[in-house]
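Chains, contacts and geometry: an overview
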Amino acid sequence: MIPTTLVGSYPQPDWLVDKIRYRETVVPRIRMPELWRVDVLTDGEQRRESYFNEFANALSGIDVERPGEAINRLGKRQAVPRVTGPIRRERPVFLRDARFLRATTARRIKLAVPGPFTLSALAQDEHYRDPERLAMAYADAVNDELRELEPLLDWVQLDEPYLEARPEQAKAYALPAIDRALAGLSKPTCIHVCFGYAFSHALAGTSKSGGYRFALELERSRATHLSLEAAQPRLDLASLAAVRTKTIVLGVLDLGAPTPETADVVATRLRAALRHVPAERLVAAPDCGMKYLDRPSARARLRALVEGARAVSRA
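So, a few notes on the structure that sits alongside this text. Predicted model, so just to flag it, every value in this text is computed and none were measured.

Rules of the game
- Residues numbered from 1 in each chain as written.
- Predicted model: local features only at pLDDT ≥ 70, side-chain atom pairs only at ≥ 80, totals over all residues.
- Heavy atoms only, no water.
- Pairing = 2+ DSSP bridges.
- Helix = DSSP H or I, 4+ residues; strand = E, 2+ residues; numbered from the N terminus.
- Phe/Tyr/Trp six-rings, centres within 6.5 Å; stacked < 30°, edge-to-face > 60°.
- Buried < 20%, exposed > 50% of the residue type's maximum accessible area, 1.4 Å probe, protein only.
- Lys NZ or Arg CZ within 6 Å of the ring centre and 35° of its normal.
- Polar contact = N/O pair within 3.5 Å; in protein donor to acceptor, adjacent residues only side chain to side chain.
- Contact = heavy atoms within 4.5 Å.
- Salt bridge = Lys/Arg side-chain N within 4 Å of Asp/Glu carboxyl O.
- Core = buried A, V, L, I, M, F, W, Y, C linked by side-chain atoms within 4.5 Å.
- Axes fitted to C-alpha atoms, helices over the stretch in contact; angles between N-to-C directions.
- Parallel < 35°, antiparallel > 145°, perpendicular 65-115°, else oblique.
- Left-handed = near helix turned anticlockwise from the far one by under 90°.
- Nonpolar A, V, L, I, M, F, W, Y, C, P; charged D, E, K, R; others polar.

1. Notes on the sheet that holds strand E2 (residues 60-62)
Pairing is mixed in the open sheet, where three strands are placed in the order E2-E5-E7. Each edge of the sheet is formed by a strand with only one pairing partner; in this case those strands are E2 and strand E7 (124-125).

Printed below as a string of structure tokens:
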């Protein structure tokens, strides 16, 4: 066998690096942050089977050998963690991921952890037998994880899609649980709310709501940022005016569309949002996670995202 190797560099994708400017410079000898397109990076959750299950099944109090069952947001029965004892985080879950990401880039970085309300919504509880107590137990475990991750990160994010799937329960106890999960953190904290993966809705033949029933109540939470899906559900952006103290991370990429948006479409959506949210409190983002897209489509959408955002910033 003759071994094969790379000498060093590998082509960076166009959506990540401004290659025209890079070639004009030719082997820069000083730091050039303007070459990079995306401002806040994640690791793409490459080690996770889903946004949810790695953390949910790493906690004590879960019978990983005999899962439970719950009804998901599409009305179908699904295997979920079965809670048989006190929920506790006994070891780091995403610390290795955070260290890897921090060592890979000097850009700002964030990691997402499933939020306590969504964790409690997708569990069969045979220990607490009270959904609010279960959510608070999960909140303590999430807070332990976030406190250990925070020194390595620039943002932390809670994924809470089930706030919209269970809005009445959310109104009863989601805010206290979320605030407990975020307690003691000093860096930007983001809560992501959406209506579910576009891929899942396509399989089920369901459509997304045109408006949020709970998400805007997160104005009263400890979080500094709200990440809201807006493109696919055609959110009425006038509702964003009710959010006066949070930075809006606005979904401007419809991940259910058959073809990627152009930069002009992204710019148009951002300009519409600017009628209701000041520029200093607006961040452009995809609607949701991109795991169900093929890589060329994901790259094309991210390229449109950064080029559209820059076009608005230059105007």
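2. A few points about the packing of aromatic side chains
Evaluated as defined, the whole model comprises six aromatic pairs. Where Tyr197 meets Tyr292, the ring centres are 5.0 Å apart and the plane angle is 80°; that geometry is what we call edge-to-face. Taken together, the residues Tyr197 in the loop between strand E9 (189-193) and helix H8 (198-204) and Tyr292 in the loop between strand E12 (282-286) and helix H10 (295-314) connect sequence positions 95 residues apart. By relative accessible area, Tyr197 is classed as buried at 18%. The class of Tyr292 is partly exposed, set by a relative accessible area of 41%. On the numbers, 4.5 Å between centres and 5° between planes, the contact of Phe199 with Tyr292 is stacked. With a gap of 93 residues between them, Phe199 in helix H8 and Tyr292 in the loop between E12 and H10 connect regions that are remote in the sequence. What links up through ring pairs into an aromatic cluster is the set Tyr197, Phe199 and Tyr292. Over the ring of Phe94 we find Arg48; its NZ or CZ atom is 3.8 Å from the centre of that ring. Between the NZ or CZ atom of Arg73 and the centre of the ring of Tyr162, over which it lies, the distance is 5.4 Å.

3. Describing the pairing of strand E8 (residues 155-159)
Among the five residues in E8, five count as buried, and that is most of the element. Residue alternation in E8 divides its side chains into two sets, Trp155, Gln157 and Asp159 and Val156 and Leu158, and both sets are buried. One ladder, built from five bridges, connects strand E6 (residues 108-114) with E8; its direction is parallel. Counterpart to Val113 in the pairing with E8 is Leu158. Sheet topology note: the E8/E9 ladder contains four bridges and is parallel. Bridge pairing in E9 places Leu158 opposite Ile191.

4. Things to note about the environment of Arg23
In this structure, Arg23 sits in helix H1 (residues 19-25). On the accessibility criterion, Arg23 (59% relative accessible area) is exposed. It is 33 Å that separates the C-alpha atoms of Arg23 and Ala257, two residues lying 234 residues apart in sequence.

5. Quick look at the side chain of Thr118
Tracing the chain through its elements places Thr118 in helix H4 (residues 116-121). Among the polar contacts made by the side chain of Thr118, one reaches the side chain of Glu160 at a distance of 2.7 Å.

6. As for the side chain of Arg82
Tracing the sequence through the fold places Arg82 in strand E5 (residues 82-88). Of the residues examined, Arg82 reaches a relative accessible area of 9% and is grouped as buried. Among the polar contacts listed, one links the side chain of Arg82 to the backbone oxygen of Arg66, at a separation of 2.9 Å. Reaching out from Arg82, the side chain makes a polar contact with the side chain of Glu126 at a distance of 2.5 Å. Those residues in contact with Arg82, other than ones at most four positions away along the chain, are Gly61, Ile62, Asp63, Arg66, Pro67, Gly68, Gln124 and Glu126.

7. Some details on the pattern of salt bridges
According to the stated counting rule, one finds 19 salt bridges in the structure shown. Note that Arg47 is salt-bridged to Asp97, the shortest N-O span being 3.8 Å. With Arg47 in the loop between strand E1 (40-41) and helix H2 (53-56) and Asp97 in helix H3 (residues 95-104), this pair connects stretches of sequence that are 50 residues apart. Residue Asp97 is classed as buried on the basis of its relative accessible area, which comes to 1%. Among the ionic pairs, Lys208 bridges to Glu229, the shortest N-O distance being 2.5 Å. You can see Lys208 sitting in the loop between H8 and strand E10 (225-228) and its partner Glu229 sitting in the loop between E10 and strand E11 (247-253), a full 21 residues away along the chain. Here the two residues Lys208 and Glu229 agree in accessibility, since each one is buried. One network of salt bridges, with partners in common, ties together Asp63, Arg66, Arg82 and Glu126.

8. Description of the nonpolar core
Counting residues in hydrophobic clusters, the biggest one holds 90 residues, and the most contacted among them are Ile87, Tyr138, Leu163, Leu218, Ile248 and Leu250. The dominant element in this core, judged by the number of residues it contributes, is helix H5 (residues 131-149), at 10 residues. Excluding residues that lie within four positions of it along the chain, Ile248 makes contacts with Leu226, Leu228, Leu240, Val243, Val277, Arg281, Leu282 and Val283.

9. Quick look at the packing of H5 against helix H7 (residues 167-182)
Geometrically, a packed helix pair is captured by the angle between its two axes and the distance between the axes. For the pair H5 and H7, interaxial distance at closest approach is 7 Å and the crossing angle is 20°. The angle between the axes of H5 and H7 places the two elements in the roughly parallel class. In this structure, H5 meets H7 at a crossing whose hand is right-handed. Touching Pro131, Glu132, Ala135, Met136, Ala139, Asp140, Val142, Asn143 and Leu146 of H5 are Tyr173, Pro176, Ala177, Arg180, Ala181 and Leu182, all from H7. Along the lines of polarity and charge, the residues of the contact of H5 with H7 split into 11 nonpolar, one polar and three charged.

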